[in-house]
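Here is what each chain is made of, one letter per residue.
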2 protein chains.
Amino acid sequence: MPIFHTAGDLECMHQVCHRSLEAAGVTRNDICAVTFGYHLFIAGLFYQGQLETYGAKVIPVGPGETDRAVDIINRHGVTVLVANPSFALKLGSSGMNRIKILFAGGEPLTSVSGYKDRIRQALGRDLVIIDSYSMSECIPIARNCAMETGLHIMDEFVYAEIIDPETGKNLENGRMGELVLTHIKKEAQPLLRYRTGDLAELVETPCNCGRHVTMPRGISGRTGEMLKVKGVKLYPSQIKTIINEHGTGTGFRLTIRSEKGVDRLILTLEDIPGARPKLKNLRHALRKATLLNFDEIAFRGHLEEGPMVSDERDVLSSTL
Amino acid sequence: MPIFHTAGDLECMHQVCHRSLEAAGVTRNDICAVTFGYHLFIAGLFYQGQLETYGAKVIPVGPGETDRAVDIINRHGVTVLVANPSFALKLGSSGMNRIKILFAGGEPLTSVSGYKDRIRQALGRDLVIIDSYSMSECIPIARNCAMETGLHIMDEFVYAEIIDPETGKNLENGRMGELVLTHIKKEAQPLLRYRTGDLAELVETPCNCGRHVTMPRGISGRTGEMLKVKGVKLYPSQIKTIINEHGTGTGFRLTIRSEKGVDRLILTLEDIPGARPKLKNLRHALRKATLLNFDEIAFRGHLEEGPMVSDERDVLSSTL
């Protein structure tokens, strides 16, 4: 589906970002390098436009060619980098000088626990990392500020709600559910209670930057993949996040069986040499995140090709 | 060398192009596809910006992925394509629907005789082809209008002169020489009688589009490579253009010898099967363009590696 923006929309989208650039600590004197591409994925254009209209200095570095990018960044005293997190790490390990602020996009960051720490280890302890969340239908949606208290919803541009993906009912703050968006000012293709299919939780706490509505943990998964196990909603992508945090591989197979009318939850993980997490810790983390007790956690040297989730329950019993 | 633009410069650069977009026949209803990239080569950003502020609809297609580009162009009724000429031909042969206007850049076009005809054969007889000339130090410089009377200098933005590259003296209109540019409005890094190193000729003829100063044949070569043969200035890159127009390959070797104090000009061309031009026509074209009589024109199956120009004259005699 093509996404339309009027000239007014583009101006509004840039203006909305100015508050967030300020809250990130960007000044008009900063020299910014944008490493996204020019493409249907409009992140590059969008950062170029918002930084230009904000009044900062922008170098359109573009994607790829790590060594040249490092050379440009170091030679011109770049202080603000716009990149996806993995490319930022690559630039760091290729000799990039210290930067002040990283605007990250294009990959999960806040939702992967420990990822920000890893970036700071590589790029500098005092680095401000700004994670963002957008989708092609709605850009921008949320960014954190320099205080990193969670991704603030850009609430003068978009109104966010969390609903139960099954019932469609609104959920109170702090409950995980499907993010629903309504545009406030958009002229072309405004979204009206648009179901994003993304799982998140909202909290409403005043932040010193002036924002109130925040997604503290970013996006935790997709609603389409929800299962009901032992009466509890389970999103398999949550598991991927957790096992990744525990330093193992991300390959897994979730098997759900019904034994005497009771659900059994079996998790099989790829056994990567030297990267086997402590079972006790992993079980605890899984329980905390999903509210479910995993009956069996097993390691296997190599997982055969197949679905990530294998629901072997009787269809009738599983829908009871 | 980095090139700086202030916010005012960017706005001015976009505004300057509006007159040329209008003269090309672009309307606010046109749907434009830009196939350049986002990079230090700012053509993509520049077309996106000028078309957006002009008020036309722009799709940031980006480079590569021919089939997807064709699909987007056809599905959304694109009428204006921004591409380099060879990519436009590739899109044409991959099933692109008729377009109305092609903005070409990034490759020589007007200076290669017959290239526009080839593009029209592939993309449609009534296609308006807009060639442009810019350099990183100065963008934009010149574009033709829908009448295709030559590349009009954007004279409210840049003042163009032609000088003799040896003496630095100004040449009258219609004489080939080095293009020298002076910015009229630029705030950051304005050029003041900047020697481009590019060879061109200017004519001053009022065009129906309102412009006066025109480069009828685009850029014919570079000044750095000039030789003096038989008392006449010769730019070897001119030869490349001419032999290309005569349907042979572009590989050549130019040898200049001194025999009894007289220069002899020997041109060796790669002999491409089925593409050997008529010697008489070629000799005539070379003479017309360079004012020089070529003493010998030979074909050889394969040209060994080596310099394009081999000046075997005695240094002393050649400087006499």
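Residues numbered from 1 in each chain as written. Chains lettered and ligands numbered in written order. Predicted model: local features only at pLDDT ≥ 70, side-chain atom pairs only at ≥ 80, totals over all residues. Heavy atoms only, no water.

*Asks:* Hey, could you run me through the interface of chain A and chain B in this one?
*Replies:* For an interface, size is often stated in terms of accessible area lost upon the parts coming together. Across the boundary between the two partners, chain A contributes 22 residues, which contact 22 residues of chain B. Carbon and sulfur atoms make up 69% of the surface buried where chain A meets chain B, a total of about 1700 Å² over both sides. The three residues of chain A that bury the most area against chain B are Tyr-38, His-39 and Leu-40 of chain A, which together make up 42% of that side's buried surface. Taken together, chain A and chain B are joined by zero salt bridges. For the pair chain A and chain B, the number of links is six residue pairs in polar contact (both at pLDDT 80 or more). Among the elements of the structure, α2 (43–54), β2 (57–60) and α3 (66–75) of chain A are those that each provide at least two residues to the side of chain A that touches chain B. A per-element tally of the side of chain A that touches chain B places α2 of chain A first, with four residues. (Contact = heavy atoms within 4.5 Å. Buried area = accessible area lost by both parts, 1.4 Å probe. Salt bridge = Lys/Arg side-chain N within 4 Å of Asp/Glu carboxyl O. Polar contact = N/O pair within 3.5 Å; in protein donor to acceptor, adjacent residues only side chain to side chain. Helix = DSSP H or I, 4+ residues; strand = E, 2+ residues; numbered from the N terminus.)

*Asks:* Would you take a moment to explain the side chain of Glu-178 of chain A for this structure?
*Replies:* Residue and element names in this part refer to chain A. Mapped onto the elements of the fold, Glu-178 is located in strand β9 (residues 177–183). Residue Glu-178 is classed as buried on the basis of its relative accessible area, which comes to 3%. Among the polar contacts made by the side chain of Glu-178, one reaches the main-chain amide nitrogen of Gly-197 at a distance of 2.9 Å. Not counting residues up to four positions away in its chain, the partners in contact with Glu-178 are Glu-161, Ile-162, Ile-163, Pro-165, Arg-195, Thr-196, Gly-197, Asp-198, Leu-199 and Thr-223. (Buried < 20%, exposed > 50% of the residue type's maximum accessible area, 1.4 Å probe, protein only.)

*Asks:* Teacher, can you tell me more about the pairing of strand β3 (residues 80–83) of chain B here?
*Replies:* Working note: regular strand, side chains alternate between the two faces of the sheet. Residues and elements named next belong to chain B. Judged by which residues are buried, β3 turns out to be covered on both faces: Val-80 and Val-82 on one side and Leu-81 and Ala-83 on the other are all buried. In this structure, strand β1 (residues 31–34) lies alongside β3, joined through three bridges in parallel fashion. Bridged to Val-34 within β3 is Val-82. Pairing of β3 with strand β4 (residues 101–104) involves four bridges; the strand directions are parallel. Its bridge partner lying in β4, Ala-83 is registered against Ala-104. Considered for its hand, the β-α-β crossover made up of β3, helix α4 (residues 85–93) and β4 is right-handed. (Pairing = 2+ DSSP bridges. Right-handed = clockwise from strand over helix to strand, strands pointing away.)

*Asks:* Just to check I follow, could you spell out the pattern of salt bridges for this structure?
*Replies:* Two side chains carrying opposite charge are able to pair once their charged atoms lie near each other. Summed over the entire model, instances satisfying the criterion amount to 40 salt bridges over all chains. Lys-186 of chain A serves as the salt-bridge partner of Asp-9 of chain A, at 3.4 Å between the closest nitrogen and oxygen. You can see Asp-9 of chain A sitting in helix α1 (residues 7–24) and its partner Lys-186 of chain A sitting in the loop between β9 and β10 (194–200), a full 177 residues away along the chain. According to the relative accessible area criterion, Asp-9 of chain A is buried, its value standing at 2%. Across the salt bridge formed by Arg-193 of chain B and Glu-161 of chain B, the nearest N and O atoms sit 3.0 Å from each other. With Arg-193 of chain B in the loop between β9 (177–183) and β10 (194–200) and Glu-161 of chain B in strand β8 (residues 158–163), this residue pair connects regions lying 32 residues apart in the sequence.

*Asks:* How should I be thinking about the side chain of Lys-186 of chain A in this particular structure?
*Replies:* All names here are of chain A. Assessed through its relative accessible area of 9%, Lys-186 is described here as buried. At 2.7 Å, the side chain of Lys-186 and the backbone oxygen of Ala-188 are in polar contact. Excluding its chain neighbours within four sequence positions, the residues that come into contact with Lys-186 are Phe-4, His-5, Asp-9 and Phe-157.

*Asks:* Any chance you could explain the nonpolar core here in plain terms?
*Replies:* One recurring pattern in soluble globular proteins: nonpolar side chains tend to sit buried together. Of all hydrophobic cores here, the largest spans 40 residues; its most connected members are Val-26, Leu-51 and Phe-103 of chain A together with Val-26, Leu-51 and Phe-103 of chain B. What Leu-51 of chain B contacts, discounting residues up to four positions off in sequence, is Leu-21, Val-26, Cys-32, Val-34, Ala-56, Val-58 and Val-82 of chain B. (Core = buried A, V, L, I, M, F, W, Y, C linked by side-chain atoms within 4.5 Å.)

*Asks:* Before we go on, may I ask you to explain the domain arrangement of chain A in this structure?
*Replies:* All names here are of chain A. Once the domains are mapped, chain A shows domain 1 (7–222) and domain 2 (226–319). Put simply, the middle of domain 1 and the middle of domain 2, counted by C-alpha atoms, are 31 Å apart. Regarding the contact of domain 1 and domain 2, the summed buried area is about 770 Å², with carbon and sulfur atoms giving 50% of it. When the buried area of domain 1 at its contact with domain 2 is split by residue, Ser-113, Glu-166 and Leu-199 rank highest and sum to 40% of it. A salt bridge links Lys-228 to Glu-166, with the nearest nitrogen and oxygen atoms 4.0 Å apart. Run the count over domain 1 and domain 2 and you get one residue pair in polar contact (both at pLDDT 80 or more). Here the side of domain 1 that touches domain 2 is built from residues that sort into four nonpolar, four polar and three charged. (Domains from an automatic or database assignment. Nonpolar A, V, L, I, M, F, W, Y, C, P; charged D, E, K, R; others polar.)

*Asks:* Before we go on, may I ask you to explain the sheet that holds strand β6 (residues 138–143) of chain B in this structure?
*Replies:* Each strand in a sheet pairs with another by means of backbone hydrogen bonds, the pair being arranged parallel or else antiparallel. Residue and element names in this part refer to chain B. Read from one edge to the other, the open sheet built from nine strands follows the order β2-β1-β3-β4-β5-β6-β7-β12-β11, with strand pairing classed as mixed. For this open sheet the edge positions go to β2 (57–60) and β11 (203–204), each flanked by a neighbour on one side alone. Two strands pair when backbone bridges link them, and β11 and strand β12 (residues 213–215) are joined in this way by two bridges, in the antiparallel orientation. Bridged to Val-203 within β12 is Thr-214. On the sheet, helix α1 (residues 7–24) packs against β4, β5 (128–135) and β6 and is oriented at approximately 20° with respect to β6. (Axes fitted to C-alpha atoms, helices over the stretch in contact; angles between N-to-C directions.)

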